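# Observations on chain architecture
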Amino acid sequence: MKKIISALVLGAFAIGSVFAAKAKVKTTDVKLGVVGSIYEELWAPAKKALKEQGINLKIVQFSDYVTPNNALSNGDIDLNAFQHRIFLENDAGSHNYDVKLIGNTFIIPLNLYSVKVKSVSELKKGSVVAIPNDVTNGGRAIKVLAAAGLITLKKEAGFNPTVNDISSNNSGIVIRELAANTIPAALKDVDAAIVNGNYALDFGIKTESAIFKDTSVSEKAYWNLIAARGKDLKDSKKVEVYKKVVKAFQTAETEKVFNETYGGYFIKEGWDIDEF
């Protein structure tokens, strides 16, 4: 009887120790800023994997491209994942944001869509074509219009051209610059529009419906990324957590979402590069 009682006591102690050990596991919250509901699905595999590592990844939605870097620089969020390299370079440079690249995610096309015409050749003099009004996506959009043969750019035009870099507009289109997040809703009011990939997906605009597909997807400057505050990268504990976040995203499970949920609309890039 004494042996049985001792065994029960030891068993209870062991179980109590297990629960105590579990209770001591500290959960780390990481706020990740994104733009567009699609990121909820893109980050779902990573979020699940991180939870098992004691990291609670909280997705924070923003409605535009203006605020996420400001929020990150101010410490309102811990990381963001909504922009490509050239956008970060311009936005951080213009506002003196302390925001740094820590990992690569994917590249997505910036296509030309229309609900009024079925091909680029149907766009004529006076046709209104909307493009994003922010510097980097606007520059990329202008290059898409040039690749489509609608305009010609000056030889001296830089990597990020503006409407002032257009040397000829033989098609006669009228370029209207609008906030990127408003363009999908405005598509019915213009003849065609360059729509950012995340907004196209949010509005159910399928890539196969594009009247011209982006040819700049091979350019490294357009790789999307994960960013952190430079100040936080001096904290070894935070760096350790952020490395886990990057690693959790760059997996076969995430790529499966790219291919099976979004039909290859997202293309992984730079996963073999350690950006820390």
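Here's what I pulled together on the structure shown here.

Thresholds, definitions, all that
Residues numbered from 1 in each chain as written. Predicted model: local features only at pLDDT ≥ 70, side-chain atom pairs only at ≥ 80, totals over all residues. Heavy atoms only, no water. Helix = DSSP H or I, 4+ residues; strand = E, 2+ residues; numbered from the N terminus. Polar contact = N/O pair within 3.5 Å; in protein donor to acceptor, adjacent residues only side chain to side chain. Contact = heavy atoms within 4.5 Å. Buried < 20%, exposed > 50% of the residue type's maximum accessible area, 1.4 Å probe, protein only. Pairing = 2+ DSSP bridges. Phe/Tyr/Trp six-rings, centres within 6.5 Å; stacked < 30°, edge-to-face > 60°. Lys NZ or Arg CZ within 6 Å of the ring centre and 35° of its normal. Axes fitted to C-alpha atoms, helices over the stretch in contact; angles between N-to-C directions. Core = buried A, V, L, I, M, F, W, Y, C linked by side-chain atoms within 4.5 Å. 1 Å grid on protein atoms, 1.4 Å probe; cavity = no way out; pocket = protein on both sides within 12 Å on 5 of 7 lines; lining within 4 Å. Points joined across faces, edges and corners; volume = space filled by probe spheres on them.

### Some thoughts on the side chain of threonine 105
Following the sequence through the fold, threonine 105 ends up in the loop between β4 (99–104) and β5 (106–107). Among the polar contacts listed, one links the side chain of threonine 105 to the backbone nitrogen of leucine 225, at a separation of 3.4 Å. What threonine 105 contacts, discounting residues up to four positions off in sequence, is Asn224, Leu225, Ile226, Phe249, Phe258, Ile267, Lys268, Glu269 and Trp271.

### Overview of the pairing of strand β11 (residues 192–195)
Side chains Ala192 and Ile194 project from β11 onto one buried face, and the interleaved Ala193 and Val195 project onto a second face that is buried too. By the bridge criterion, two bridges tie strand β7 (residues 128–132) to β11 in an arrangement that is parallel. Directly across from alanine 130, in β11, lies its bridge partner alanine 193.

### Thoughts on the packing of aromatic side chains
Applying the stated rule across the entire model yields 16 aromatic pairs. On the numbers, 4.5 Å between centres and 35 degrees between planes, the contact of tryptophan 43 with phenylalanine 249 is tilted. Here phenylalanine 249 lies in helix α9 (residues 236–249) and tryptophan 43 lies in the loop between α2 (38–42) and α3 (44–51), a separation of 206 residues in the sequence. Tryptophan 43 sits in the buried class, given a relative accessible area of 1%. Arranged with centres 6.1 Å apart and planes meeting at 55 degrees, the rings of phenylalanine 258 and tryptophan 271 form a pair that is tilted. Of this pair, phenylalanine 258 sits in helix α10 (residues 252–261) while tryptophan 271 sits in the segment after β13 (267–268); the two residues are 13 residues apart in sequence, bridging distant segments of the chain. One exposure class covers both phenylalanine 258 and tryptophan 271, and it is buried. Ring-pair connections join several aromatic residues into one group, and the members of that group are Tyr39, Trp43, Phe106, Phe249, Phe258, Tyr262, Tyr265, Phe266 and Trp271. Looking at lysine 143, its charged tip hangs above the ring of phenylalanine 159, at a distance of 3.7 Å from the centre.

### Brief notes about the sheet that holds β7
Taking strand neighbours across the sheet as the criterion, the four strands line up as β6-β11-β7-β10 in an open arrangement whose pairing is mixed. Looking along the sheet, the strands with just one partner apiece sit at the ends: β6 (111–113) and β10 (174–178). On average, each strand axis in the sheet is inclined to that of its neighbour by 25 degrees, with strand direction left out of account. The strands touched by helix α6 (residues 135–147) are β6, β7, β10 and β11; relative to β7, the strand with the most contacts, the crossing angle is about 140 degrees.

### As for the nonpolar core
By size, the foremost hydrophobic cluster in this structure holds 59 residues, and its most contacted members are Leu42, Trp43, Leu79 and Phe266. Residue contributions to this core peak at six residues, all from α9. In this view, phenylalanine 266 contacts Ile38, Leu42, Phe106, Ile107, Ile108, Leu201 and Phe258; residues no more than four positions away in its chain are not counted. Residues Ile131, Leu150, Ile166 and Phe212 belong to the second largest nonpolar core, which totals 20 residues.

### Side note on the layout of surface pockets
Of the pockets and cavities examined, the largest pocket occupies roughly 330 Å³. Lining the largest pocket are 16 residues, and of these Tyr65, Val66, Phe87, Asp134 and Val135 lie nearest its centre. Of all the secondary-structure elements, those providing two or more residues to the lining of the largest pocket are α5 (85–95) and α6. The greatest single-element share of the lining of the largest pocket, amounting to five residues, is contributed by α5.

### Quick look at the pairing of strand β12 (residues 225–229)
The buried fraction of β12 amounts to five of the five residues, a majority that puts the element mostly inside the structure. By the alternation rule, side chains of β12 split into Leu225, Ala227 and Arg229 and Ile226 and Ala228, which are all buried. Where strand β3 (residues 79–80) meets β12, two bridges bridge the pair, whose relative direction is antiparallel. Across the sheet, the residue bridging to leucine 79 is alanine 228, located in β12. Across five bridges, β4 lies against β12 in antiparallel orientation. The residue bridging lysine 100 from the neighbouring strand is alanine 228, located in β12.

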